[in-house]
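Coordinate inspection notes
Residues per chain, in single letters:
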Amino acid sequence: MHISGVQTVLADHRYEQAEITEAFSRLTDCDQDQLERFHTATGVKGRNLALPLADYTKLDSFARANTMYAEVALDLGERALRGALQKADVRPEKIDHLLFCSTTGLATPSLDARLAQRMGLRPDVKRVPVFGLGCAAGAAGLARLHDYLRGWPHHVAALVCVELCSLTIQRDDTSIANLVASGLFGDGAAAVVATGRGPGPEVVATRSRLYPGTEHLMGWEVGDHGFRIVLDADLTGFVEQVLGADIKAFLADYGLTPEQVATWICHPGGPKVIEKIVETLGLEPRALEVTRRSLSEYGNLSSVSVLHVLQETRGQPGAPALLMALGPGFSAELLLLHW
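Just so it is clear, the model here is predicted, and its values are computed rather than measured. (Residues numbered from 1 in each chain as written. Predicted model: local features only at pLDDT ≥ 70, side-chain atom pairs only at ≥ 80, totals over all residues. Heavy atoms only, no water.)

**Some words on the packing of helix α5 (residues 137-151) against helix α10 (residues 303-312)**
- Where α5 contacts α10, the two axes come as close as 6 Å, and the packing angle between them is 70°. Judged by the inter-axis angle, α5 sits roughly perpendicular to α10. The residues of α10 that touch α5, namely those facing Ala137, Gly138, Ala139 and Leu142, are Ser303, Val306, Leu307 and Leu310.
- Tallied by class, the residues present in the contact of α5 with α10 amount to six nonpolar, two polar and no charged. (Axes fitted to C-alpha atoms, helices over the stretch in contact; angles between N-to-C directions. Helix = DSSP H or I, 4+ residues; strand = E, 2+ residues; numbered from the N terminus. Parallel < 35°, antiparallel > 145°, perpendicular 65-115°, else oblique. Contact = heavy atoms within 4.5 Å. Nonpolar A, V, L, I, M, F, W, Y, C, P; charged D, E, K, R; others polar.)

**Here we look at the UniProt feature "domain: Chalcone/stilbene synthase C-terminal" (unreviewed entry) in the chain**
- In the numbering used here, UniProt assigns the feature "domain: Chalcone/stilbene synthase C-terminal" (unreviewed entry) to residues 204-338.
- As annotated, residues 204-338 has a helix share of 36% and a strand share of 29%, and its two end C-alpha atoms lie 7 Å apart. (UniProt positions renumbered as here; feature names shortened; annotations may be inferred.)

**A short note on the packing of aromatic side chains**
- Applying the stated criterion across every chain, the model contains seven aromatic pairs.
- Residues Tyr211 and Phe330 carry aromatic rings whose centres are separated by 6.2 Å and whose planes lie at 25° to one another, so their mutual orientation is stacked. Placement of Tyr211 in the loop between β8 (202-210) and β9 (218-223) and of Phe330 in the loop between β12 (320-327) and β13 (331-338) is noted, with a sequence separation of 119 residues between them. In terms of burial, Tyr211 and Phe330 fall into one category: buried.
- Within the aromatic cluster, the residues linked to one another by ring pairs are Phe62, Phe131, Trp220 and Phe227.
- We note Lys126 situated over the ring of Trp152; from NZ or CZ to the ring centre the distance is 4.8 Å. (Phe/Tyr/Trp six-rings, centres within 6.5 Å; stacked < 30°, edge-to-face > 60°. Buried < 20%, exposed > 50% of the residue type's maximum accessible area, 1.4 Å probe, protein only. Lys NZ or Arg CZ within 6 Å of the ring centre and 35° of its normal.)

Next up, the structure:
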């Protein structure tokens with residue numbers, strides 16, 4: 001599979017972190033000083049949000065939040081897919097397979113059905129909507145496009161990820177997990193157009209890893225007001241414990257070591273997770289420079305983030321690259337690329 005076009009679109013409303021902190025403290029019963037400490041610790045300088053800050057007071061139910069999700073997500077997804085198609089020099093009617101990933105809202109018919117009609121995709125396009133992969137979905141989606149194109153190398157496949165994390169805001173949740181999440185996550189969309197043969201980085205191999213007994217580390221608890229974040233304090237320690245060995249084993253199967261990987265495309269889960277990846281694999285700090293910059297400028301965009309990092313990365317021609325993301329399950333998705 002060749003990655004022919006990648007396009008990220010950030011939500012329209014841009015705010016500095018301090019503005020978001022102040023607004024969130026007014027919406028909740030959280031102590032502002034405590035909130036500022038958590039928000040500062042994320043290393044995020046600013047974020048793009050689905051709505052103007054003043055409009056979040058109107059999200060008094062899951063129904064209202066989800067209505068806004070469907071409206072904004074469809075718009076951002078369309079803009080991202082059109083951008084990716086333009087970069088790949090592919091017309092919409094050439095898409096044979098459309099994979100749509102999101103974990104921050106619900107819609108039936110799924111948003112990919114509405115997107116296909118807006119974009120003028122063929123009536124026989126094969127659609128797969130995916131919910132629940134969270135932050136891992138961008139990498140997992142690329143891997144599933146790779147699987148599809150191995151069987152249909154003359155086809156065109158597209159991935160669209162949309163995450164509007166801010167619409168999951170929980171006003172009555174003063175847990176540490178929610179305080180951290182309120183300072184970490186942003187809103188946006190990304191799309192990838194892939195072909196079996198053509199220009200762009202080539203996906204050489206993929207690997208999925210699901211860790212049993214770790215459901216408590218990351219996810220949603222669904223209640224009367226929608227999605228409540230689950231983000232366990234043990235997450236960083238678990239990443240340190242298992243991820244390095246799995247990455248090394250994956251690379252070893254293809255005759256590589258971490259030292260031989262020229263480019264690292266990592267999901268910016270948070271500053272502590274980034275540090276653990278660097279330490280565990282013995283990387284130079286600058287190896288994840290694009291990942292750090294994405295987190296600082298836009299926050300964690302869930303499934304969109306790793307695709308944003310991919311878009312901003314300039315790989316070394318002829319050298320291997322590793323793309324990776326972590327998500328609920330707890331799970332990891334690894335892709336070996338050749339630039």
